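# Descriptive structure summary
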Amino acid sequence: MDLPLVVGVDGSEPALRAVDWAADEAVLRGLPLRVVYASLWERYEGAALARDLGKPDARVAAEDVVRAGAHRARARQPDLAVSLAALPEAPEYALLREARNASALVVGSRGRGGVSGLLLGSVGLYVAAHADCPVVVVRPGGDNQARTAVHGRVVVGIGDEPAAEVPFAAREAALRGAVLEAVRAWRCPAPEPAGHPLLTGGPERGYGEAAAAAEVLEEALRDVPPRVEVRRRTAEGPAHKVLLGASRTADLLVVGARRRPGRLGLQLGRVAHALLHHALCPVAVVPHRA
């Protein structure tokens, strides 16, 4: 049985945009959609306190939120099979557990409880750093359509140890009928002491780094199916800046994240962290074991 695509909701506008994207994506993949809302409010406060305060019972509110998300998905994709769950627990832990039996997990960029100064909510950041399946964060300001390739381009950032992100990106490009653009950033070496021949600005400066970047691209893309149109691009500069620029005209930006068993803290590199906060299109973080 195919694992469902899971989308986390909380009634916020970013979450509803994530539902739209997830509904389209589920149809593209031929998968059911599971809409999940998790909240600890009832566990901490209790229904009796809710009555005393004249507020709706948290369970009823949770069911309303998850029903609204499911209704939005069905309105967008009427033939989509949708299941729903309202869970009385912390959302980050509930979503991580859901991710164990999901083909991918989709979340919005921020939720209702987001601090205005934060560009990505804590729940989205946490699940992107720890989930066992690919996590897609639907960023604001983009087209956020999975059903139609608006730009006709899926971008994958090629790091030092490319793994699961390349097959994932190739599959997403094939589903959309889009071009797969593989990007490898490189940096010029630090300037040599005065009088060194490289300071003359000749063509040798950076040539080796660019050639090495091209080799990494070729190796990473060797198993991409022939049906997928691939464009290779090497670019000088910090990887996060190069990929942020690419996100302006991409339908999806894909990066990898190594999972290190036993290591505490967020298991996201600087590049993935920057893209999740600033990219102009949905960002997929694909985990692989170190």
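Here we come to the packing of helix H1 (residues 13–29) against helix H7 (residues 165–176). At a closest axis distance of 10 Å, the pairing of H1 and H7 adopts a crossing angle of 85 degrees. Between H1 and H7, the interaxial angle falls into the category roughly perpendicular. Across the interface between the two elements, Trp21, Glu25, Leu28 and Arg29 of H1 pack against Phe168, Glu172, Leu175 and Arg176 of H7. A class-by-class count of the residues in the contact of H1 with H7 yields 4 nonpolar, no polar and 4 charged.

Tallied over the full model, the rule gives 18 salt bridges. Among the ionic pairs, arginine 76 bridges to aspartate 24, the shortest N-O distance being 2.8 Å. A residue pair is termed long-range when its members are at least 10 positions apart, and arginine 76 in helix H4 (residues 58–76) and aspartate 24 in helix H1 qualify at 52 residues. The exposure class of arginine 76 is partly exposed, given its relative accessible area of 23%. Two residues, arginine 176 and glutamate 172, come together in a salt bridge whose shortest N-O distance is 2.5 Å. With a gap of 4 residues between them, arginine 176 and glutamate 172 both fall in helix H7, about one helical turn apart. Summarising the burial analysis for this pair, arginine 176 and glutamate 172 share the class buried.

Glancing now at the environment of arginine 171. Looking at where arginine 171 falls in the secondary structure, it is placed in helix H7. Spatially, the C-alpha atom of arginine 171 lies 9.5 Å from that of arginine 29, the residues being 142 residues apart in sequence.

With that settled, the discussion passes to the packing of aromatic side chains. In total, this model carries 1 aromatic pair according to the counting rule given. Ring plane angle 80 degrees and centroid distance 5.9 Å describe the contact between tyrosine 93 and tyrosine 126, whose orientation is recorded as edge-to-face. With tyrosine 93 in helix H5 (residues 91–99) and tyrosine 126 in helix H6 (residues 122–130), the pair connects residues that are 33 residues apart, well separated along the chain.

Ranked by size, the top nonpolar core spans 43 residues in total, and within it Leu33, Val106, Leu180 and Val254 carry the most contacts. Looking at which element gives the most residues to this core, the answer is H1, with 6 residues. Not counting residues up to four positions away in its chain, the partners in contact with valine 254 are Val154, Val155, Val156, Gly157, Glu165, Phe168, Ala169, Ala284 and Val286.

Let us now look at the sheet that holds strand S7 (residues 179–186). A sheet is described by the order of its strands in space; here 10 strands give the open sequence S3-S2-S1-S4-S5-S10-S9-S6-S7-S8, paired in mixed fashion. The open sheet has two edge strands with one neighbour each: strand S3 (82–87) and strand S8 (230–236). Ignoring strand direction, the axes of neighbouring strands in this sheet form an average angle of 25 degrees. In terms of strand pairing, strand S5 (residues 135–138) meets strand S10 (residues 283–289) through 3 bridges, oriented antiparallel. Pairing of valine 135 across the sheet is with valine 285, part of S10.

Here the focus is the pairing of strand S2 (residues 33–38). In terms of residue burial, S2 counts as a mostly covered element, since 5 of its 6 residues are buried. As paired strands, strand S1 (residues 5–8) and S2 are joined by 4 bridges and run parallel to one another. Bridging across to S2, valine 6 finds its partner in arginine 34. Running through H1, the crossover from S1 to the neighbouring parallel element S2 is right-handed. Note that S2 and S3 share 6 bridges and pair parallel. Within S3, the residue paired with arginine 34 across the bridge is serine 83.

The next thing to look at is the confidence of the model for the chain. On average, residues of the chain score 83 in pLDDT, and 76% of them are at 70 or above. With pLDDT under 50 throughout, residues 112–119 is counted as low confidence; its partners more than four residues away or in other chains account for 12 contacts.

For the rest of this paragraph, the subject is the environment of valine 242. Looking at the secondary structure, you find valine 242 in helix H9 (residues 239–246). Given a relative accessible area of 12%, valine 242 falls into the buried group. Along the backbone, valine 242 and valine 183 are 59 residues apart, and their C-alpha atoms lie at a distance of 8.3 Å. Residues contacting valine 242, with those up to four places away along its chain left out, are Val183, Ala185, Arg233, Ala235, Glu236 and Gly237.

Here is what the cut-offs are and how they apply
- The residue count restarts for each chain, going from 1 along the sequence in the order it is written.
- pLDDT decides what is reported in this predicted model: residues at 70 or higher carry local features, side-chain atom pairs at 80 or more are listed and counted, and totals for whole chains, interfaces and linings draw on all residues regardless.
- The basis for every side-chain value is the complete set of non-hydrogen atoms in the structure, without hydrogens or water.
- Interaxial angles span 0 to 180 degrees and are taken between N-to-C directions of axes, which are lines fitted to C-alpha atoms, for helices over the stretch in contact.
- The helix count covers DSSP runs of H or I at least four residues long, the strand count covers runs of E at least two residues long, and both are numbered beginning at the N terminus.
- Any angle that is under 35 degrees is reported as roughly parallel, and any over 145 degrees as roughly antiparallel; angles of 65 to 115 degrees are reported as roughly perpendicular and all others as oblique.
- We call two residues in contact whenever any of their non-hydrogen atoms come within 4.5 Å of each other.
- Under the scheme applied, nonpolar residues are Ala, Val, Leu, Ile, Met, Phe, Trp, Tyr, Cys and Pro; charged residues are Asp, Glu, Lys and Arg; polar residues are all the others, including Gly.
- Salt bridges are counted wherever a side-chain nitrogen of Lys or Arg sits within 4 Å of a carboxyl oxygen of Asp or Glu.
- The cut-offs for exposure are 20% and 50% of the maximum accessible area for each residue type, with area from a 1.4 Å probe on protein chains only; residues under the lower value are buried, those over the upper are exposed, and the others partly exposed.
- To pair, rings of Phe, Tyr and Trp, with the six-membered ring standing in for Trp, must have centres within 6.5 Å; the planes then decide the type, stacked if under 30 degrees apart, edge-to-face if over 60, and tilted in the middle.
- Residue types Ala, Val, Leu, Ile, Met, Phe, Trp, Tyr and Cys, when buried and joined through side-chain atoms within 4.5 Å, form a set referred to as a nonpolar core.
- When DSSP finds at least two bridges between two strands, those strands are taken to pair.
- Here the term right-handed applies to a crossover when the path leading from its first strand over the helix to its second strand runs clockwise, the strands being oriented away from the viewer.
- pLDDT expresses how confident the predictor is about each individual residue, on a scale running from 0 to 100.

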